[in-house]
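Commentary on secondary and tertiary structure
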Amino acid sequence: MARADGHKVETDATPGGTPEVFYPAFVDLTGRRCLVVGGGPVGTEKAEKLLDAGADVRLVSPQITPRLAALVAADAIGEFHPRGYETADLDGCLLVIAATADAGVNRQVWQDAEARTMLVNVVDVPPLCNFIVPSIMRHGELAIAVSTGGASPVVARTVRERIQAEIGPEWGELVALMRQTREGLKERFTTMPSRAAAVERLLESGIVDRLAAGDRQGALALMQEHLGTEVPA
């Protein structure tokens, strides 16, 4: 099958197919209109995660789950259209996720989005995606994403779980502290190499262990010692 730009796409994940190489990025969706086509359990999960990221969600589906109905009732969903997909549903959207049980509808969403050079993800059909959603571990502002390029979400999840067993919430607390001292750090260490060296010394000081033990004051003392900055009250 050919895409809108004429590029041939293998619609079956055959061993001879060339795997896609995706560019990893974290996207700010705050206030951005994003379309979810499909109101089943998968569409529900996708809509909830978009909302968590601050997106303005447009939902299109003849039927929706009780969880989505509750979000619609609470005005958490920006727009809800209780009908089938129409091409005009893409208007004004940054990205679209197709999560219906109808392969024909999903393919139409992909074709329409590709024609508009939009970001599109047809759930569980990697050849019909120009972006994929990785398995993510979060501790506050710290986010670690794991992807297999769509080859095996189970493998990605397993790797994420192993990382999560090693990287605890103390790392998220450290990131929060670093954000609070960022400007002071830049004033004290005026070059990138000097800032990097200072932070590396801090990480070697045992600050993560102190945070893990609940010793916030001890952690702040180490920041003062190695960075020469204080966390604002």
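Residues numbered from 1 in each chain as written. Predicted model: local features only at pLDDT ≥ 70, side-chain atom pairs only at ≥ 80, totals over all residues. Heavy atoms only, no water.

1. Focus on the overall build of the protein
For clarity, the threshold we go by: Only DSSP runs of H or I reaching four residues or more are called helices, and only runs of E reaching two or more are called strands; each is numbered from the N terminus. Atoms counted for the radius of gyration: C-alpha only. Globule rule: 2.2 Å times the number of residues to the power 0.38. The contact definition used throughout considers only heavy atoms, calling two residues in contact when any of these lie within 4.5 Å. Method for areas: the Shrake-Rupley scheme with a 1.4 Å probe, in which residue coverage is limited to the protein chains shown.
Counting its secondary structure elements, the protein contains nine helices and seven strands. In summary, the protein has a C-alpha radius of gyration of 22 Å against a globular reference of 17 Å for 233 residues, an excess of more than 25%. For the protein, the C-alpha atoms occupy an extent of roughly 60 × 45 × 35 Å along the three principal directions. Within the protein, contacts between residues at least 6 apart in sequence are counted, and of these 52% link residues at least 24 apart. If you sum the accessible surface of the protein, you get close to 13600 Å²; carbon and sulfur atoms cover 53% of it.

2. Describing unusual backbone geometry
Of note in this structure, Asp 75 is not a glycine but carries a positive phi near 60°. Relative to the helices and strands, Asp 75 is located in the loop between helix 2 (66–73) and strand 3 (79–81).

3. Considering the pattern of salt bridges
What counts here: In the sections that follow, a salt bridge refers to a side-chain nitrogen of Lys or Arg positioned within 4 Å of a carboxyl oxygen of Asp or Glu.
Scanning all chains against the criterion turns up twelve salt bridges. Of the charged contacts in the structure, one is a salt bridge between Arg 179 and Glu 141, with a shortest N-O distance of 2.6 Å. One end of the pair, Arg 179, is in helix 5 (residues 169–180); the other, Glu 141, is in the loop between strand 6 (135–139) and strand 7 (142–146), with 38 residues separating them in the sequence. Among the charged side chains, a salt-bridge network with shared partners connects Arg 33, Asp 56, Arg 58 and Glu 79.

4. Concerning the pairing of strand 1 (residues 33–37)
Rule in force here: Buried means the residue's accessible area, taken with a 1.4 Å probe over protein chains only, is under 20% of the maximum for its type, while exposed means over 50%, and partly exposed covers the values in between. Two strands are counted as paired when DSSP detects at least two bridges linking them. Looking down the strands as they point away from the viewer, one classifies a crossover as right-handed if the path from the first strand across the helix to the second runs clockwise.
With five of five residues buried, strand 1 lies mostly within the body of the structure. Both strand 1 and strand 2 (residues 56–60) contribute to a ladder of five bridges, which runs parallel. Bridging across to strand 2, Cys 34 finds its partner in Val 57. Remark: the strand 1/helix 1 (residues 41–52)/strand 2 crossover connection has right-handed handedness.

5. Section: helix 3 (residues 103–115)
Going by this rule: Multiply 1.5 Å by the residue count of a helix minus one, and that product is the helix's expected span. Two N or O atoms count as a polar contact when they lie within 3.5 Å, although within protein this holds only if one can serve as hydrogen donor and the other as acceptor, and sequence-adjacent residues are included solely when both atoms are side-chain atoms.
Given a rise of 1.5 Å per residue, 13 residues ought to cover 18 Å, and the 18 Å separating the end C-alpha atoms of helix 3 matches this to within 8%. The complete set of buried residues in helix 3 reads Asn 106, Val 109, Trp 110, Asp 112, Ala 113 and Glu 114. In this structure, the buried side of helix 3 is in contact with strand 1, strand 4 (95–98) and strand 5 (119–122). Measuring from the backbone nitrogen of Gly 104 back to the side-chain oxygen at the start of helix 3 gives 2.8 Å, which picks out Asp 102 as the cap. One or two residues past the end of helix 3 sits Thr 117, with phi positive at roughly 50°.

6. A closer look at helix 1
We apply this condition: What the arc describes is the spread of directions from the helix axis to the C-beta atoms.
Compared with the 16 Å implied by 1.5 Å per residue over twelve residues, the 17 Å span of helix 1 between its first and last C-alpha is a close match. By the burial criterion, the buried members of helix 1 are Gly 43, Thr 44, Lys 46, Ala 47, Leu 50 and Leu 51. Buried residues along helix 1 cover an arc of 165° about the axis, so they all sit on one side. When the buried face of helix 1 is taken as reference, the exposed residues oriented beyond 90 degrees from it are Pro 41 and Asp 52. Where helix 1 is buried, its residues meet strand 1, strand 2, helix 2 and strand 4. Following helix 1 by one or two positions, Gly 54 has its phi on the positive side, about 85°.

7. A look at the packing of helix 1 against helix 2
The angle between the axes and the distance between the axes are what describe a pair of packed helices. Short version of the rule: The axes are straight lines fitted to the C-alpha atoms, using for helices just the contacting stretch, and the angles between their N-to-C directions are given from 0 to 180°. Put simply, a crossing is left-handed when the front helix is turned counterclockwise from the back one by less than a right angle, and right-handed when it is turned clockwise. Under this grouping Gly is polar, as are all residues other than the nonpolar Ala, Val, Leu, Ile, Met, Phe, Trp, Tyr, Cys and Pro and the charged Asp, Glu, Lys and Arg.
It is at 9 Å that the axes of helix 1 and helix 2 come closest, and there the two elements cross at 35°. Judged by the sense of rotation from one axis to the other, the crossing of helix 1 with helix 2 is left-handed. Between helix 1, through Thr 44, Ala 47, Glu 48 and Leu 51, and helix 2, the contact on the second element is made entirely by Arg 67, Leu 68 and Leu 71. Here the residues of the contact of helix 1 with helix 2 sort into four nonpolar, one polar and two charged.

8. Concerning the sheet that holds strand 3
The strand order across the open sheet formed by five strands is 3-2-1-4-5, and the pairing between neighbours is parallel. The open sheet has two free edges, formed respectively by strand 3 and strand 5, since each of these has just one partner strand. Between one strand axis and the next, the sheet turns by 15° as a mean value, whatever way the strands run. Here four bridges tie strand 1 to strand 4, and the two strands are oriented parallel to one another. Directly across from Val 36, in strand 4, lies its bridge partner Ile 97.

Don't take any of this as a statement about function, it's just geometry.
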